[in-house]
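Geometric and topological summary
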Amino acid sequence: MRVDFDPRTMSSRDFYKFMTATVVPRPIAWVSTVNRDGDGDNLAPHSFFNVACVSPPIVQFTSVGRKDTLRNIEATGQFVVSLAPEPMFEQINATSTDFPAGISEFDEVGIEREQSRHVKPPRVAGSPAAFECELHSTLLLGNCTVVFGRVVHAVVDEEALADDGLPDVTRLKPLTRLGRDQWAKTGDLLEIARVPYEEWQQR
């Protein structure tokens, strides 16, 4: 027996809780930005995050409401997405605190900055990977804004790379968001190759 959840009869907040408890796990974009004047920075986690395009390389995240992250990106056209790793769990959560504009989460939480190569916002020094992005476009959807960023540079710690030169998820140790106040670590891995149609026909 199934239980029905109707967004037309539920409050947006209640259906939001239902969606985030169901669409799991969600990767986390730990987004750093600077203000228009370039004399203040911001760092915040966003759990509606994914790859949007391959060529050109574009990542996307959603700002629920208008927050400092979105305002800074609209003003400067730049941002950095740092991976949210397990060892920085408490610091990542702390940067979700609604600090007033003008207060740097880097300074308040005690997170070391690392200078980016092509954009002004700093990278998180303790993160094993980061994407430096220039704003491609935004899309307003109700009370949310989807931000698309063209990746202009990426970095990965050497220790996080596998023998094939690609990042190893067991070394990156990414955190993901679930529903409620729950987070998750990478569990057991499943590996399987895609089956080409020619092989499928021979089965």
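Figured I'd write up the structure that's included with this text.

One number sums up the size of the largest pocket: a volume of about 1100 Å³. Taken together, 39 residues line the largest pocket, and the ones lying closest to its centre are Arg13, Tyr16, Ser47, Val64 and Lys67. Secondary structure elements with two or more residues in the lining of the largest pocket: helix H1 (12–22), strand S3 (41–46), strand S5 (58–64) and helix H2 (68–76). Take the lining of the largest pocket: its biggest share by element is eight residues, from H1. Of the residues contributing to the lining of the largest pocket, the split by class is 15 nonpolar, 14 polar and 10 charged. Considering only enclosed or pocket space, the second largest pocket measures out at about 610 Å³ in volume. Along the wall of the second largest pocket there are 26 residues; nearest its centre are Pro27, Phe49, Leu83, Phe131 and Leu172.

If you look at the biggest cluster of nonpolar residues, it comprises 12 residues: Ala29, Val31, Phe49, Val59, Phe61, Leu70, Ile73, Phe79, Val81, Cys133, Val147 and Val151. Breaking this core down by element, the ones donating at least two residues are strand S2 (29–34), S5, H2, strand S6 (78–83) and strand S10 (144–156). Here Val31 is in contact with Asn42, Leu43, Ala44, His46, Phe61, Thr69, Ile73, Phe79, Val80 and Val81, once residues within four sequence places are set aside. In terms of nonpolar packing, the next biggest core, distinct from the first, is built from 11 residues, Ile28, Leu43, Ile92 and Val124 among them.

For H2, the full list of buried residues reads Asp68, Thr69, Leu70, Asn72 and Ile73. Looking at the buried side of H2, the elements it contacts are S2, S3, S5, S6, strand S9 (129–141) and S10. Phi for Gly77, located one or two positions after H2, is positive at around 75 degrees.

Moving on, we come to a nonpolar patch on the surface. A cluster of nonpolar side chains, namely Val195, Tyr197 and Trp200, defines an oily patch on the protein surface of about 350 Å² accessible area. Summarising the element assignment, Val195 is placed in the loop between strand S12 (183–184) and helix H6 (197–201). Here Val195 falls in the partly exposed class, since its relative accessible area comes to 37%.

It is worth spelling out the packing of aromatic side chains at this point. Evaluation of the coordinates by the stated rule reveals five aromatic pairs. Note on Phe15 and Phe18: the rings are 5.4 Å apart at their centroids and 45 degrees apart in plane angle, and the pair reads as tilted. Linking Phe15 with Phe18, this pair stays in helix H1, spanning three residues, or about one helical turn. Its relative accessible area of 27% is what places Phe18 among the partly exposed residues. For the ring pair Phe61 and Phe79, a centre distance of 5.6 Å and an interplane angle of 75 degrees mean the geometry is edge-to-face. Note that Phe61 is positioned in strand S5 and Phe79 in strand S6, a separation of 18 residues in sequence. Grouping residues by exposure puts Phe61 and Phe79 together as buried. Aromatic ring contacts, followed pair by pair, group Phe5, Phe15 and Phe18 into a single cluster. When the ring centre of Trp183 is taken as origin, the NZ or CZ atom of Arg177, which lies over that ring, is 5.0 Å away.

Basis of the calculations
- Residues numbered from 1 in each chain as written.
- Predicted model: local features only at pLDDT ≥ 70, side-chain atom pairs only at ≥ 80, totals over all residues.
- Heavy atoms only, no water.
- 1 Å grid on protein atoms, 1.4 Å probe; cavity = no way out; pocket = protein on both sides within 12 Å on 5 of 7 lines; lining within 4 Å.
- Points joined across faces, edges and corners; volume = space filled by probe spheres on them.
- Helix = DSSP H or I, 4+ residues; strand = E, 2+ residues; numbered from the N terminus.
- Nonpolar A, V, L, I, M, F, W, Y, C, P; charged D, E, K, R; others polar.
- Core = buried A, V, L, I, M, F, W, Y, C linked by side-chain atoms within 4.5 Å.
- Buried < 20%, exposed > 50% of the residue type's maximum accessible area, 1.4 Å probe, protein only.
- Contact = heavy atoms within 4.5 Å.
- Patch = residues over 30% accessible without salt bridge, like charges linked within 9 Å, V, L, I, M, F, W, Y side chains within 5 Å.
- Areas by Shrake-Rupley, 256 points an atom, 1.4 Å probe, with all protein chains shown as cover.
- Salt bridge = Lys/Arg side-chain N within 4 Å of Asp/Glu carboxyl O.
- Phe/Tyr/Trp six-rings, centres within 6.5 Å; stacked < 30°, edge-to-face > 60°.
- Lys NZ or Arg CZ within 6 Å of the ring centre and 35° of its normal.

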